[in-house]
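Tertiary structure, described
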Amino acid sequence: MIGLASARAAVDGIIATGRSAPVLFYGAIGAGKSLLAERLALAWLCPKASQDGPCGECQVCRTFLDKGKAIDLQRIEPLGPSRIIRVGQIVPDSALDWEGTAVTTFLQTLPTVGRNRVVLIEDADRMNQDAANALLKTLEEASARARLILTTSAISRVMPTIRSRCIAIACELPGYDELAGQFASLEPHELLFSEGAPGVIHHVREADEAYRTLFALFEDLSGAPPGAALVLSERFKEAAEALEKPTGQTSRACHAEALRCLALWIRSRMPGHPDRLAAVVETHRRIVGNASANLAFDPLFATLVGP
Ligand SMILES: [Zn+2]
């Protein structure tokens, strides 16, 4: 079995055998972790679920499939620009400015309409130590109808004490043939920018024109004379900012995304230039750390063009 098939089989196994331990999905961004996490969540929520999974027809199923929500499901995601899951999201903390319900509070109540109360923690590697410890304590005290699902694209950064409590399921990227079967036609920029992750291909397609413009600009980099650096830098900034509207991201996030794509392009097309790749990675680090794009891009492109 390749790609997501073995992960899907593992989820079906958990549903069929009625296991209730926490489940941790891990794998690359866009591999399909959230899709499987939601499948398991619904199987645990649906009051009419069988060994084959959720019924798909009851009120709980229909609301979830329609809106991605359920009264008995609590989603936890990292907060703020630093993207940290804080201890206040696990146990109530009035100092945390957050509208959500803390996990312990949520799990104190028995299911309202669902079969279980389910907590889904996305990017679980972003839990700080206090949050992870609080979660472990919560699990020890939780009712028999509490269920926990975690996802991460950085398994090595999930605390070992959490990992050891979970059934870990690897979500692997599909092979090329499987990917080609899933997407009718795949273009070079889609394959390169997605790194073969189906979820990322969907995102690339949602901002198709902007990603095409970026790719065309990168292709102009090879063989560009040193004098072209400033023009290319300006074109890069414009192309990056064209991502803002279709993706709904901030301009800083779009600058970082365009640099991610540039790094992939250099790795693939200029493998003999590790210095150039390092310059892009360093610029990405500075942009994420709040540096000015204007000040960062010009020297970068001066490094990228020429012999
Ligand atoms: Zn149902």
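A brief report on the enclosed structure follows. Note that this is a predicted model, so its numbers are computed, not measured.

Rules used in this analysis
- Residues numbered from 1 in each chain as written.
- Predicted model: local features only at pLDDT ≥ 70, side-chain atom pairs only at ≥ 80, totals over all residues.
- Helix = DSSP H or I, 4+ residues; strand = E, 2+ residues; numbered from the N terminus.
- Buried ≥ 20, exposed ≤ 12 C-beta atoms within 10 Å, placed from the backbone.
- Contact = placed C-beta atoms within 7 Å.
- Expected span 1.5 Å × (residues − 1).
- Axes fitted to C-alpha atoms, helices over the stretch in contact; angles between N-to-C directions.
- Parallel < 35°, antiparallel > 145°, perpendicular 65-115°, else oblique.
- Left-handed = near helix turned anticlockwise from the far one by under 90°.
- Nonpolar A, V, L, I, M, F, W, Y, C, P; charged D, E, K, R; others polar.

What to know about the overall build of the protein chain
Within the protein chain, the regular secondary structure consists of 15 helices and 5 strands. In terms of its C-alpha atoms, the protein chain occupies a principal-axis envelope of roughly 70 × 45 × 35 Å. Burial status across the protein chain gives 38% buried among its 307 residues. For the protein chain, the proportion of contacts with a sequence separation of at least 24, taken over those separated by at least 6, is 67%.

Comments concerning the environment of His202
Considering the arrangement of structural elements, one finds His202 in helix α9 (residues 198-206). Looking at His202, the number of C-beta atoms within 10 Å reads 13, which means it is partly exposed. Once the C-alpha coordinates of His202 and Gly30 are considered, the two residues, 172 residues apart in sequence, prove to be 8.9 Å apart.

Brief notes about helix α2 (residues 33-45)
With 13 residues, α2 extends 18 Å from end C-alpha to end C-alpha; this agrees with the ideal 18 Å at 1.5 Å per step. Within the span of α2, buried status applies to Lys33, Leu36, Ala37, Leu40, Ala41, Leu42, Ala43, Trp44 and Leu45.

Some details on the packing of helix α11 (residues 229-241) against helix α15 (residues 293-304)
The description of two packed helices rests on the angle between their axes and on the distance between the axes. At a minimum axis separation of 8 Å, α11 and α15 run at an interaxial angle of 130°. Taken together, the axes of α11 and α15 lie oblique to each other. Remark: the crossing between α11 and α15 carries right-handed chirality. The residues of α15 that touch α11, namely those facing Ala229, Leu230, Leu232, Ser233, Phe236 and Lys237, are Ala293, Phe297, Asp298, Phe301 and Ala302. Taken together, the residues of the contact of α11 with α15 sort by class into 8 nonpolar, 1 polar and 2 charged.

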